[in-house]
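Residues per chain, in single letters:
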Amino acid sequence: MIDIYAVGGYTEVGKNCTAIKIDDEVIVIDLGLALENYIKLTEDADIIKISPEKLMDAGAVPDISVLNKIKNKVKAIVISHAHLDHMGAVPYIASQFKAPVICTPFTAEVIRSILKDDKIKLDNEIKVLNSNSSIKISENIKIEFIHITHSVPQTVLIAIHTKYGIIMYANDFKLDLRPTLGKIPNFKRIEELANEGIYALIVESTYAKDAKKMPSESVAKEMLRDVLLGIDNKDNVIIATTFSSHLARLKSIIEFGKKLNRKIIFLGRSLAKYTRAGENVGIIHFSKKIEIVKYSKQIRKRLNKIEEDRGKYLLVVTGHQGEHNSVLYKIARGEFKFKLKPEDNMIFSCTTIPTPTNIANREALENELKLSGIRIFKDIHQSGHAAKEDLRDFINLVKPKNIIPAHGDKEMKNALVDLTVEMGYKTDKNVFLVKDGHKISL
Ligand SMILES: [Zn+2]
C-alpha cells in the first residue's frame, strides 16, 4: 500500500514537501520555505530562537504535524534541488525526523553554507548522491536521482523504487534541449524507467496554463546578448541582477561582460554563497574572472572606488525582487557615495515572482531607480519551469499510471488536470487533486 501525503506546496507555490509511505516506511521529499512568510517572521527576530512550531504556524515551513503518527517511520529526507522553496526548511525542521538528508553535491554545499551562515547545527547526516545514481534505503526501497534541467545546477527527478512500482517526483524542471550550463535531461534513463512502469507521477503545475514550450536557457542568453552588447555608452555603469542561484544565467552575464571589456563585480552575500557552492563542486570557475564582494562594509568601500571610473564596470547585485536590504535597493535609495546617473543601465534578468509583497517591493524599487533617469531593461529572462506542451511531452514519455499535480495553487493544478484529461486520464480515477495536509492512498 502506498500513501502520498501532500504536506506543502499543494495549495500554494512554496514550502514544498511530500511524504510517501510505502507499507511501513516513509520517504520525505523536499523541505522548503514559503519565502514571503519566512521573511515576514524573521525580519526582526533571530531565526535560531524561533521554534519549529512557530515557523509552521506562520506558514513559513511545511506543517509536518500531519506526519506526527508516522514520524518515526521516516527513513530518508530527499531533496530535489537547491532552491529555498525546496530545501530552505532543512535547517529548521529536518531534525524532527531521525533520518539522513540525501541530495546532490551542489545542494549539499548550499545547505551547509546556510547552516554555517545562520550558525545552526544539524543533527541529520547529509548524504551526497550524484545525479544518475541510486542508493538503497532499505530492503524494499531504492532512491534514484535522474538528471534534469531547471534554473539551478544539479536538479534531479527523484525515482522511488518500490515493490509496487516506481514513484516519480518531478518538481521542478523544464525540458531544455540547449542548456548553457550542464547537460540536457537524461531522456534515456527516463524512458527506461517508463518501460519498467511508473506507478505514480508527482509533477509540477506552475506553468501548466501557458500553452507553449518553455524556451531554452539559450534563448535567455540571446536576450541578454542583445541587451548587453547593444549598450555602448562607455561613460555609464551597467548593473545587472538575477537569481543568485541561477549560475547558468550568471555565467552568460560574465561572458558578455568580458566581451564588453568591463570589470565584473558580484556584490552581495547570496551571490557569494551560490558562487562558492558551485566552485566547491567544480561546476563553475567564476572567481578567476570576476571579483566577488560579500559583506556590506567592503561593498560600500568598493562602490566608492567604482564611482571614479563607472563606465569600466558591470556590477551584478542582489535584490531582483526589490528586497529592502539588498545591495540594489541600497544603491537605488542613494545610500552609497556611488550615485546612479541618467543613461546608466539596469538589467533585470528575472521576472517578478507574482506575490503581493514582491510586486509592491519591485514597484517601489523601480520608482526609486527612475528618479535617477537610469535606463531599465526588464524581463530579460526565461523561466526554469515546464509549460503546458513540455508537460504533455513529459507525461507522454513517462506514461505514469497515476498523476498527482503539485507545486501550485488551485488554478495551476486545475490547468494540469485539464491537460491530463485531454490526454485520456480521468479525474479521481488516475489523476488526483490533493491539498496541503491531505493524503491519498493508491
Ligand atoms: Zn526550483
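What counts, and where the lines are drawn
- Residues numbered from 1 in each chain as written.
- Predicted model: local features only at pLDDT ≥ 70, side-chain atom pairs only at ≥ 80, totals over all residues.
- Helix = DSSP H or I, 4+ residues; strand = E, 2+ residues; numbered from the N terminus.
- Rg over C-alpha atoms; globule rule 2.2 N^0.38 Å.
- Buried ≥ 20, exposed ≤ 12 C-beta atoms within 10 Å, placed from the backbone.
- Axes fitted to C-alpha atoms, helices over the stretch in contact; angles between N-to-C directions.
- Parallel < 35°, antiparallel > 145°, perpendicular 65-115°, else oblique.
- Left-handed = near helix turned anticlockwise from the far one by under 90°.
- Contact = placed C-beta atoms within 7 Å.
- Nonpolar A, V, L, I, M, F, W, Y, C, P; charged D, E, K, R; others polar.
- Domains from an automatic or database assignment.
- Pairing = 2+ DSSP bridges.
- Right-handed = clockwise from strand over helix to strand, strands pointing away.

Student: Can you walk me through the overall build of the protein in this structure?
Tutor: Helix and strand counts for the protein stand at 14 helices and 19 strands. The C-alpha radius of gyration of the protein comes to 22 Å, within 12% of the 22 Å expected for a compact globule of 442 residues. Projecting the C-alpha coordinates of the protein onto the three principal axes gives extents of approximately 70 × 45 × 35 Å. In the protein, buried positions account for 47% of the 442 residues.

Student: Sorry if this is basic, but what is going on with the packing of helix H5 (residues 105-117) against helix H9 (residues 269-280) here?
Tutor: The relative placement of two packed helices is expressed as an angle between their axes plus a distance between the axes. Between H5 and H9, the least distance of the axes is 9 Å, while the angle of their chain directions is 135°. Classed by the angle they form, the pair H5 and H9 counts as oblique. Between H5 and H9 lies a crossing whose hand is right-handed. Counted together, Phe-106, Glu-109, Val-110 and Ser-113 of H5 and Lys-273, Tyr-274, Arg-276, Ala-277, Gly-278 and Asn-280 of H9 form the full contact between these two elements. Of the residues that constitute the contact of H5 with H9, the class distribution is four nonpolar, three polar and three charged.

Student: Looking at this structure, how should I read the domain arrangement of the protein?
Tutor: How big an interface is tends to be stated in terms of accessible area lost as the parts join. Taken domain by domain, the protein comprises domain 1 (2-213 + 384-441) and domain 2 (217-377). For domain 1 and domain 2, the distance between their C-alpha centres works out to 30 Å. Broken down by element, the residue count for the side of domain 1 that touches domain 2 peaks at five residues, all from H5. Class assignment of the residues belonging to the side of domain 1 that touches domain 2 gives a composition of eight nonpolar, four polar and four charged.

Student: Just checking my understanding: could you explain the pairing of strand E1 (residues 2-8) for this structure?
Tutor: Working note: regular strand, side chains alternate between the two faces of the sheet. Along E1, five of the seven residues are buried, which leaves the element largely enclosed by surrounding structure. In this structure, E1 lies alongside strand E2 (residues 17-22), joined through six bridges in antiparallel fashion. Its bridge partner lying in E2, Ile-2 is registered against Ile-22. Sheet analysis places E1 next to strand E19 (residues 438-441), joined by four bridges and oriented antiparallel. In the sheet register, Ile-4 faces E19, and the bridge partner there is Ile-440.

Student: So what exactly am I meant to see when it comes to the pairing of strand E16 (residues 345-348) here?
Tutor: Across the two faces of E16 the burial is the same, with Asn-345 and Ile-347 and Met-346 and Phe-348 all buried. Relative to E16, strand E12 (residues 238-241) is paired through four bridges, and the arrangement is parallel. Each bridged residue has a counterpart across the sheet, and for Ala-240 the counterpart in E16 is Ile-347. Here E16 pairs with strand E17 (residues 375-377) via three bridges, running parallel. Along E17, the bridge assignment pairs Met-346 with Ile-376. With respect to chirality, the unit in which E16 leads through helix H12 (residues 356-370) into the neighbouring parallel E17 is right-handed.

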